[in-house]
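# Chain and residue survey
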Amino acid sequence: MHALILGGTHEGRELARLLVDAGWYVTSSLAGRVAAPRLPVGEVRVGGFGGPAGLTRWLMGSQIDVIIDATHPFAERISYSAAEAANATGVPLIALHRPAWTPEPRDKWILVQSMAEAARIAAQQFHHVFLTIGRQQLAPFADDPHNLYVIRAVEPPQVVLPKRNRVILSRGPFTVADEKKLMRDNQIDCVVTKNSGGELTRAKLVAARELGITVIMVQRPQLPKVKTVVHTPAEVLQMLSDSV
Ligand code: NAP
């Protein structure tokens, strides 16, 4: 049996390992955003398919028994492509999305719907802002000449940055102690993050809570309605083992 995993996430890599160990032939697909990505086991293809029509064509030329959309919850376009291509070809689709983070009693979260809204609030209400949003959506912060923005990303940002910036190139996971040190060293009074969910990047939320720092939490986009949605790689394995 041959599974296509749309990946680029920890869960995608974990699922590839589980399925390969269970005897599946696995092809993982990565967008190709990062020059040296962490590679999953099994076969790997890199690069876009060319929208829903391209993915549909690709599926028709491959012997894929199931697609698992294990992409990041903010990777909207590929999830819509997967839903459309699955409908067009009849290949079953499982959406694997980690649960969103939810606030705990001492958390000071400001919930926003977009990065533009996050940038507006950061500029108006805070001074030393920690941007832990990757490097693709930094543009809305670029026009603020006043605040210091501490930007953490895996690879150097390729866009215009705010005038006062410190770029930290680093790949997680990070401990709560690491995150507290970074926040204290830079006198951070606000953290901006997407509601990615998952354990690997949760430490920044714990650190902010313990230091009493506000978090501007960008809410998830609306993903396509998919019949089968699960939250962990183990659930996918279980579901596939039950169906063969
Ligand atoms: P996106 O906006 O949904 O995708 C943009 C385009 O990139 C898609 O239309 C597709 O091109 C291509 N693409 C995306 N994921 C792909 C995959 N797994 N395999 C093949 N092509 C893919 O996604 P994004 O937000 O740019 O994220 C890109 C990748 O990075 C995703 O795979 C995601 O899992 C990973 N990632 C994203 C974030 C985030 O915050 N967005 C964080 C961590 C990891 P075509 O239309 O040409 O097929």
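Residues numbered from 1 in each chain as written. Predicted model: local features only at pLDDT ≥ 70, side-chain atom pairs only at ≥ 80, totals over all residues. Heavy atoms only, no water.

The protein chain goes by Precorrin-6A reductase in an unreviewed UniProt entry, where it is assigned to Corynebacterium matruchotii ATCC 14266. Recorded in UniProt under Pathway (unreviewed entry), the annotation for the protein chain is "Cofactor biosynthesis; adenosylcobalamin biosynthesis." (UniProt positions renumbered as here; feature names shortened; annotations may be inferred.)

## What to know about the environment of Ile 67
For Ile 67, the position within the fold is in strand 4 (residues 66-69). Taking the C-alpha atoms as reference, Ile 67 lies 15 Å from Gly 54; in sequence the two are 13 residues apart. If sequence neighbours within four positions are ignored, Ile 67 has contacts with Leu 4, Leu 6, Leu 59, Ala 86, Val 91, Pro 92, Leu 93 and Ile 94. (Helix = DSSP H or I, 4+ residues; strand = E, 2+ residues; numbered from the N terminus. Contact = heavy atoms within 4.5 Å.)

## Comments concerning the nonpolar core
With 19 residues, the main nonpolar core has Ala 118, Val 129, Leu 131, Phe 141, Val 192 and Ile 216 as its most contacted residues. Mapped by element, the contributors of at least two residues to this core are helix 4 (115-125), strand 7 (128-132), strand 8 (148-153), strand 10 (190-194) and strand 11 (214-218). If one sorts the elements of this core by residue count, helix 4 sits on top with five residues. If we skip the residues at most four places from it in the chain, Ala 118 touches Val 112, Phe 141, Val 192, Ile 216 and Val 218. (Core = buried A, V, L, I, M, F, W, Y, C linked by side-chain atoms within 4.5 Å. Buried < 20%, exposed > 50% of the residue type's maximum accessible area, 1.4 Å probe, protein only.)

## Some remarks on the site of the ligand
Near the ligand lie 21 residues; those nearest to it are Ser 29, Phe 49, Gly 50, Arg 77 and Lys 194. In this structure, an oxygen atom belonging to the ligand sits 2.9 Å away from a main-chain N or O atom of Gly 7. The separation between an oxygen atom of the ligand and a polar main-chain atom of Gly 50 is 2.8 Å. Expressed as a share of its isolated accessible area of 800 Å², the protein-covered part of the ligand is 78%. Contributing elements (two or more residues each) for the shell around the ligand: strand 2 (25-30) and helix 3 (76-89). Counting residues per element, the shell around the ligand draws most heavily on helix 3, at three residues. The residue makeup of the shell around the ligand, split by class, is six nonpolar, 10 polar and five charged. (Near = heavy atom within 4 Å. Polar contact = N/O pair within 3.5 Å; in protein donor to acceptor, adjacent residues only side chain to side chain. Areas by Shrake-Rupley, 256 points an atom, 1.4 Å probe, with all protein chains shown as cover. Nonpolar A, V, L, I, M, F, W, Y, C, P; charged D, E, K, R; others polar.)

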